[in-house]
Amino acid sequence: MGLGRYVATRVLLVLPTLFGVTLITFALTYLLPGNPALVKAGPLATPEHIREMERQMGLDRPVPVQYWRYLSGVLRGDFGESATTGRPVLQDFLQRVPATLELTLASMLIAIAVGIPLGVVAAVRRDGPVDHASRLLGVGGVAMPTFWTGLLAVYLFFYHLGVAPPPLGRLSPGVMAPTALTGLYAVDALLTGNARALGSALHQLMLPSLTLGFSVMAPVTRMVRATMLEILESDYIKAAWAAGLPRRTIVYGDALRNCLIPVITLVGVVFGFLMAGNVVVEIVFAWPGIGNYAVTSLLTKDAAPIQGFVLFVAVVYVLINLTVDLVYGVVDPRIRLR
Amino acid sequence: MRPLLEVENLSVAFDTDEGTVGAVDAIDLDVRRGEILGLVGESGSGKSVTALAVFRLIRPPGRIAGGSIRFDGRDLLALPEEEMRRIRGAQIAMVFQSPRTALNPVLPVGRQIARLYRLHQGCSAAEARRRTLEMLGLVGIPEPERRARDYAHQLSGGMCQRVMIAMALATSPRLLLADEPTTGLDVSIAAQILDLLRDLGRRTGASIVLITHDLGVVAGLCDRVAVMHAGQLVECADVRSLFREPAHPYTRALVRSIPRVDREVTMEPVPGVVPSLLDAPPGCRYADRCPDVLDVCRTVKPARSARARDHEVACYATEAARVAAPRG
Amino acid sequence: MRRNTLSLLALGAILTIIGLALAAPLVAPYDPDAPQAEETLQAPGWRHWLGTDIYGRDQLSRIVWAARVDLLVALAATAMALTTGCVLGALAGYRGGLVDQVVMRLVDTIMAFPAFILAMGITAAAGNATANVVVAIAITHVPIYTRLIRSEMLRVREMEYAEAARTVGNRQRRIIFFHLLPNCFPPVIVQATLAMGFAILTVAALSFIGLGIQPPQSEWGAMAAEGASYIVSGEWWIFLFPGLAIMVTVLAFNLVGDSLRDLLDPRMRGVA
């Protein structure tokens, strides 16, 4: 009952948001004082040359027309051209997305694998040692700038202890990339049985993913703990105790089940944090992902990659949140029927 | 015969940053076999806490500070947790107020009942299911087959309460605690629910403790009534004498506050507010609201004394008046 | 009791940091921008408590001066976001209808971007200037206050004093801004305190990647970025202390924000 309609409504509701997103990125690209024609024409251009450039780029046309050209370009996958690499931004992106994806997934896995159990145990054994640790993480973890955590990790594990490789990309020098299947080196190496590449990929991935994972662990733990505490105090959990259900069933069945549903929404939030963290972590560890690409473009005042990056991340973010909503609707019987 | 439940000198305290809250202050209470006992008081009088204490479900910062609870002669407070768990739900069951929130939102209601059969009576899945449907029918739920698959949010408040009752009675408990079972329900639905409770109680021979703030409900349903005020038990009597001769000043005020159709007397709310239970002074906690207060009331808690058969009251003023003007 | 001590400590830390920032010219032992060729890359010691960088600049002096920039940017951004958010939220909540629709769609659109990424895009597009960083952060923070004030407004406007204010014939703008808005402030103050910490993290991260505040202006994130290159050669003090300054400041704001929330909204106590 209603699931199809629920999905349809949610999907339709995303369209205006996506429209708004392109409006903003359009404004960022074309309406702000940094004149793209000026940039493209170069510092030695004459006024005539600049005007000619503006005409070529359509900057002399009315704003709605410009927007329409921008939007139709974006829809065709045209994010402009990078002045640095001289290639279409989309092409540069696609080449770098797997690196970012690998880092993001690994970090999310770490954050969730540690954050959820930590939050649950903290709530169940309230005021116990784990709870105190989780609260320390909750307050301290969110106050640490991600780039600084990364630098600390490099100093400690690479310089001091020597257990981590130098923070320079996805593979140690001299190791060949595994045959590309998914683009995720660790996965590809595993699938092709390439032990050398697998070891190197995981080793390189260790510090960046721990850094990024740590940066979102605090919010995950905090929310799981809060949700779990609220649920443990709820009437139906009291009723379950009064019905004589065993503790295990109550805590890890009834309560956890109810707790994990709102935690699904956390994936969206976590992803937002991860995208932000990605940028700085990729810089600290010279990780060749799209965040790194965007920042490198900053230094050369190359606008297209940055704005393309912002748009790309926003669209992915919107789609992830949509997916989260849909999954939530499927899992929680209460949502669908509203 | 020995009462089914004997609560003696029970105290429950909550430790807060500001001090200790004496939510229940040394109460004595018996529940006899097969009877319906009304436990009455304003909100915050300790009724629900008393019920939770019987289940031994007072959680920190709360704690049972003293006294004993005997169920069928066994001292519940001394039982190991595992044994206590086997009593919960199986022999003592609870119907909660706000049934909608007392049902697990992500489990179909049928499954919530069925698992109790499996847990407490070791039924097979099929047998548990069969009995669940039977029970749902018994509590007056139409189309039990379909309703069993519903989630709590798909049922009306009255239906949810019927499910809660089915859950509570599923394992034929000998004692049923019903905490404000009709809160939030329409008057007519509330009446049906109460009738249902009484009928099922009679049929199974279970004792019922009906916790409520509404003396009107008590009058129509209960055999005996215990009145609580601010964590203290002030009066306990069979329902008839309580209404005919309420002895404690608080009970009198309560009785006066019942809306009456038969009299042209406007109802008067009980004057004053429930006193703070935080580091409460010794003595009777009604003293500050009481029109008949004596000096001694503020220093020493009055003991309970029998006023007639099945009628006990804890009040110096009442006692003094009775001694001064003996009957007959 | 112990919690209160902690909050007071945090409050003390904030006041100290603000005090140091204000008194930077007086307390900083050295000129933060003056290179000292003979003192380059000194480890922390008696002459330079927190060491020196590659140009021989005193790290302590730079960190103290940088506090001015970081705090000022965060404060300005928070103030700007708060004012804008309050006005938008109040209008949306009180007027409802079309105004509400437009405001909320705008807010939704801003929230469709991860905050840092949008701030990055805005600063990149608008150009590297401190004022642009302020605006960029402010824009990403506006939704917090707008939504908060809107929902508070919906709650508050039904209450009796709004009714009372209407019946005595007050003009609408007056009702919103003088009668209703002040009642929404407690949660907003809590949010603003927590947002300060977040704003500081954002400024630092933006300058870390080379956006916003430009050298030689001292800024914590930029200083840590400079220090990054010296980790492999073991000069740890250059990246460590600016990051520590960020962490302590953000931590202090978060702790004060948390206790303010407990103070103003007892229901949340111990939950989050």
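These numbers come from a predicted model, not from an experiment.

Caption draft 1: Spatial organisation of the overall build of chain B. Helix and strand counts for chain B come out as twelve helices and twelve strands. Over its C-alpha trace chain B gives a radius of gyration of 21 Å, about what one expects of a compact globule, namely 20 Å for 328 residues. By principal-axis analysis of the C-alpha atoms, chain B measures approximately 65 × 50 × 40 Å. Taken over 328 residues, chain B has a buried fraction of 43%. Pairs at least 24 residues apart make up 63% of the contacts formed inside chain B by residues separated by at least 6 positions.

Caption draft 2: Spotlight on the overall build of chain C. Looking only at helices and strands, one finds eleven helices and zero strands in chain C. Ordered by position from N to C terminus, the α and β elements of chain C give α-α-α-α-α-α-α-α-α-α-α. In terms of overall dimensions, chain C has C-alpha extents of about 75 × 50 × 35 Å along its principal axes. For chain C, contacts bridging at least 24 residues in sequence account for 69% of all contacts bridging at least 6.

Caption draft 3: View of the sheet that holds strand β11 (residues 305-308) of chain B. All names here are of chain B. Spatially, β6-β7-β8-β3-β9-β10-β12-β11 is the arrangement adopted by the eight strands of the open sheet, whose pairing is mixed. What marks the edges here is a single partner per strand, and that holds for β6 (92-95) and β11. When the angles between neighbouring strand axes are averaged without regard to direction, this sheet yields 20°. Note: strand β3 (residues 36-40) against strand β8 (residues 207-212), five bridges, orientation parallel. Note that in β8 the partner of Leu39 across the bridge is Ile211. Lying on the sheet, helix α7 (residues 157-169) is in contact with β6 and β7 (175-179); it crosses β6 at an angle near 175°. Across the face of the sheet, helix α11 (residues 249-256) comes into contact with β9 (224-229) and β10 (232-238) while running at roughly 110° to β9.

Caption draft 4: Region of the structure containing the interface of chain C and chain A. Taken together, the contact pairs 42 residues of chain C with 43 residues of chain A. Listed by contribution, the elements that provide at least two residues to the side of chain C that touches chain A are α4 (97-111), α5 (115-126), α9 (185-208), α10 (220-228) and α11 (237-264) of chain C. Top contributing element to the side of chain C that touches chain A by residue count: α5(C), with ten residues. Residues that form the side of chain C that touches chain A fall into these classes: 31 nonpolar, nine polar and two charged.

Caption draft 5: Highlighting the pairing of strand β4 (residues 62-71) of chain B. All names here are of chain B. Pairing between strand β1 (residues 5-15) and β4: eight bridges, direction antiparallel. Bridge pairing in β4 links Ala13 to Arg63. Where β4 meets strand β5 (residues 74-75), two bridges bridge the pair, whose relative direction is antiparallel. Residue pairing for β5: Arg70 is matched across the bridge by Asp75. In this antiparallel pair of consecutive strands, β4 and β5, the connection spans two residues, and Asp72 shows a positive phi of 55°.

Caption draft 6: Region of interest: the interface of chain B and chain A. Taken together, the contact pairs 22 residues of chain B with 18 residues of chain A. When contributions to the side of chain B that touches chain A are tallied by element, the ones reaching two or more residues are α2 (81-87), α3 (99-102) and α4 (109-121) of chain B. Sorting elements by how many residues they give to the side of chain B that touches chain A places α4(B) first, with three residues. Of the residues assigned to the side of chain B that touches chain A, the class counts are 13 nonpolar, six polar and three charged.

Caption draft 7: Region of interest: the nonpolar core. Membership of the largest hydrophobic core comes to 279 residues, with the highest contact counts inside it found for Leu151(A), Val310(A), Met164(B), Ala166(B), Leu177(B) and Ala224(C). For this core, the element with the most residues is helix α9 (residues 195-232) of chain A, which contributes 19 residues. For this core, the two domains that each supply at least three residues are domain 1 (3-75) and domain 2 (101-288) of chain A. Those residues in contact with Leu151(A) that sit more than four places away from it in its chain are Val284(A), Ala224(C), Ala228(C), Ile231(C), Phe239(C) and Gly243(C).

Caption draft 8: Quick peek at the packing of helix α11 (residues 247-284) of chain A against α5(C). Orientation of α11(A) relative to α5(C), taken along the N-to-C sense of each, is 55°, at an axis distance of 7 Å. With respect to their mutual orientation, α11(A) and α5(C) come out oblique. Contact with α11(A), carried on its side by Met275(A), Ala276(A) and Val279(A), involves Ala115(C), Phe116(C), Ile117(C) and Met120(C) of α5(C) and no other residues of that element. Taken together, the residues of the contact of α11(A) with α5(C) break down into seven nonpolar, no polar and no charged.

Caption draft 9: Geometry of the pairing of β6(B). Residue and element names in this part refer to chain B. Across the two faces of β6 the burial is the same, with Ile92 and Met94 and Ala93 and Val95 all buried. For β6 and β7, the ladder comprises four bridges, and the chain directions are parallel. Looking across to β7, one finds that Ala93 is bridged to Leu176.

Caption draft 10: Spatial organisation of the sheet that holds β5(B). All names here are of chain B. As summarised here, the arrangement of the four strands in space is β2-β1-β4-β5, forming an open sheet in which the pairing is antiparallel. A single partner strand is all that each edge strand has here, and the edge strands are β2 (20-31) and β5. Strands in contact with helix α1 (residues 47-54) are β1, β2 and β4; relative to β2, the strand with the most contacts, it is inclined by about 70°.

Caption draft 11: Layout of the confidence of the model for chain C. On average, chain C scores 85 in pLDDT, and the residues at 70 or more come to 91%. Across residues 267-272 of chain C, confidence stays below pLDDT 50; counting only partners more than four residues off in sequence or on other chains, it has eight contacts.

Caption draft 12: Representation of unusual backbone geometry in the model. Here the amide bond leading from Pro60(B) into Pro61(B) is cis, since omega sits at 10°, within 30 degrees of zero. Inspection of the secondary structure puts Pro61(B) in the loop between α1 and β4. For Asp127(A), which is not glycine, the phi torsion reads 70° and is therefore positive. For Asp127(A), a count of 11 C-beta atoms within 10 Å corresponds to the exposed category. One non-glycine residue, Asn9(B), adopts positive backbone phi at about 55°. Within the secondary structure, Asn9(B) is located in strand β1.

Caption draft 13: Summary view of the arrangement of the chains. Interchain contacts are distributed over two pairs of chains, and the most extensive set of them lies between chains A and C. There is no contact between chain B and chain C; across them, the least C-alpha separation is 8 Å.

Caption draft 14: Summary view of the packing of helix α6 (residues 130-156) of chain C against α9(C). Residues and elements named next belong to chain C. Contact geometry for α6 and α9: axes closest at 10 Å, N-to-C directions at 160°. Classified by the angle between their axes, α6 and α9 sit roughly antiparallel to one another. Relative to α9, the crossing made by α6 is right-handed. Along its contact with α6, which presents Val133, Ile137, His141, Ile144, Tyr145, Leu148, Ile149 and Glu152, the element α9 presents Pro187, Val188, Gln191, Ala195, Ala199, Thr202, Val203 and Leu206.

Caption draft 15: Summary view of α7(B). Residues and elements named next belong to chain B. Taking 1.5 Å per residue, 13 residues should reach 18 Å; α7 reaches 18 Å between its end C-alpha atoms and fits that length. When you tally the buried positions in α7, you get twelve out of 13 residues, the bulk of the element. The set of residues buried in α7 consists of Gly158, Met159, Cys160, Gln161, Arg162, Val163, Met164, Ile165, Ala166, Met167, Ala168 and Leu169. Lining the buried residues of α7 we find β6, α3, α4, α5 (125-138), β7 and α8 (187-204).

Caption draft 16: Examining the environment of Arg224(B) more closely. Residues and elements named next belong to chain B. Considering the arrangement of structural elements, one finds Arg224 in strand β9. Residue classification places Arg224 among the buried positions, given that 22 C-beta atoms sit within 10 Å. Linking Arg224 and Val209, residues 15 residues apart in sequence, is a C-alpha distance of 9.7 Å. Look past the residues within four positions of Arg224 in its chain and what remains in contact with it is Glu35, Leu37, Cys236, Ala237, Asp238 and Val239.

Caption draft 17: Structural view of the environment of Phe93(A). Of note, Phe93(A) is situated in helix α5 (residues 89-124). Taking the C-alpha atoms as reference points, Phe93(A) and Gly308(A), 215 residues apart in sequence, are found 9.0 Å from one another.

Caption draft 18: Up close: the environment of Val120(A). Residue and element names in this part refer to chain A. Mapped onto the elements, Val120 comes out in helix α5. In this structure the C-alpha to C-alpha distance between Val120 and Val130, which are ten residues apart in sequence, comes to 9.8 Å. Leaving out residues up to four positions away in the same chain, Val120 has contacts with Val224, Met228 and Leu256.

Conventions adopted
- Every residue gets a number counted from 1 within its own chain, in the order that chain's sequence is written.
- Here the convention is simple: chains get letters from A, ligands get numbers from 1, in the order in which they are written.
- Given that this is a predicted model, residues contribute local features only at a pLDDT of at least 70 and side-chain atom pairs are listed and counted only at 80 or more, while totals for whole chains, interfaces and linings are drawn from all residues.
- In this text, helices come from DSSP runs of H or I with a minimum length of four residues, and strands from runs of E with a minimum of two, each type numbered from the N-terminal end.
- As a reference, a globule follows 2.2 Å times the number of residues to the power 0.38, and the radius of gyration itself is taken over C-alpha atoms.
- To sort residues by exposure, count the other C-beta atoms lying within 10 Å of each residue's C-beta; 20 or more gives buried, 12 or fewer gives exposed, and values between give partly exposed, all with C-beta atoms placed from the backbone.
- It is the C-beta atoms, placed from the backbone, that decide contacts: two residues are in contact if theirs lie within 7 Å.
- In short, DSSP must find at least two bridges between two strands for them to pair.
- Convention adopted: a line fitted to C-alpha atoms gives each axis, helices being fitted over their contacting stretch, and angles between N-to-C directions are expressed from 0 to 180 degrees.
- Classes in brief: Ala, Val, Leu, Ile, Met, Phe, Trp, Tyr, Cys and Pro nonpolar; Asp, Glu, Lys and Arg charged; the others, Gly included, polar.
- Take the buried Ala, Val, Leu, Ile, Met, Phe, Trp, Tyr and Cys residues, join any whose C-beta atoms are within 7 Å, and the set you get is a nonpolar core.
- Delimitation of the domains relies on an automatic or database domain assignment.
- Should an angle fall under 35 degrees it is taken as roughly parallel, and over 145 as roughly antiparallel, whereas 65 to 115 is taken as roughly perpendicular and any remaining angle as oblique.
- Summary of the metric used: pLDDT quantifies the predictor's per-residue confidence within the range 0 to 100.
- Here a crossing is called left-handed whenever its near helix is offset anticlockwise from the far helix by less than a right angle, and right-handed whenever the offset is clockwise.
- To estimate the expected span of a helix, subtract one from its residue number and multiply by 1.5 Å.

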